[in-house]
Amino acid sequence: MLASNLANADTPGFQARDLDFNTALQAALLPASRENVDALQAAASGATYARPGVQPSMDGNTVDTQREQATYAQAALEYRASMAFVESKVRTMLTAITGQ
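Since we're looking at a predicted model, the values are computed, not measured. (Residues numbered from 1 in each chain as written. Predicted model: local features only at pLDDT ≥ 70, side-chain atom pairs only at ≥ 80, totals over all residues. Heavy atoms only, no water.)

## Thoughts on the confidence of the model for the chain
Segments scoring low in pLDDT should not have their predicted coordinates read at a detailed level. Heads up, the condition is: Within a predicted model, pLDDT stands for the predictor's per-residue confidence, ranging from 0 to 100. Note on conventions: DSSP H or I runs of at least 4 residues are helices, E runs of at least 2 residues are strands, and numbering of each starts at the N terminus.
Scored by pLDDT, the chain has a mean of 85; 91% of the residues are at 70 or more. When the elements of the chain are averaged for pLDDT, helix α3 (residues 39-46) gives the smallest value, 74, and helix α4 (residues 65-98) the largest, 94.

If you want it as structure tokens, here you go:
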């Protein structure tokens with residue numbers, strides 16, 4: 001969604017979209033009401049909402065490029081930190097298994 005928002009930053013009338021992760025997670029944990037529906041996709045589409053703009057725009061576009069870039073940087077940093085944590089745990093388990 002961040003990439004879509006950034007790609008449409010200059011599109012007149014584009015409404016920035018966001019995802020409420022907690023709502024999507026709760027919906028994904030519930031059993032699906034229909035058999036042919038992917039639970040994760042249904043949960044994500046149900047938690048997507050149009051984010052209101054911070055500053056009014058003449059063309060109706062609600063994308064704030066600086067906010068999107070900051071959100072992307074935060075997500076990238078959190079991803080790298082979680083991967084470093086997982087790598088550390090795996091390295092610790094390998095050390096325990098090999099007995100070194």
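## A closer look at the side chain of N5
So the rule is basically this: Under this definition, polar contacts are N or O atom pairs within 3.5 Å; protein pairs additionally need one hydrogen-donor-capable and one acceptor-capable atom, and for neighbouring residues in sequence, both atoms have to be side-chain atoms. Here a residue-residue contact requires only that any non-hydrogen atoms of the pair lie within 4.5 Å.
Relative to the assigned elements, N5 resides in helix α1 (residues 2-7). In this structure the side chain of N5 is engaged in a polar contact, spanning 3.3 Å, whose partner is the side chain of E68. If near-sequence neighbours (up to four positions away) are discounted, N5 is found in contact with F14, A16, R17, R51, V63 and E68.

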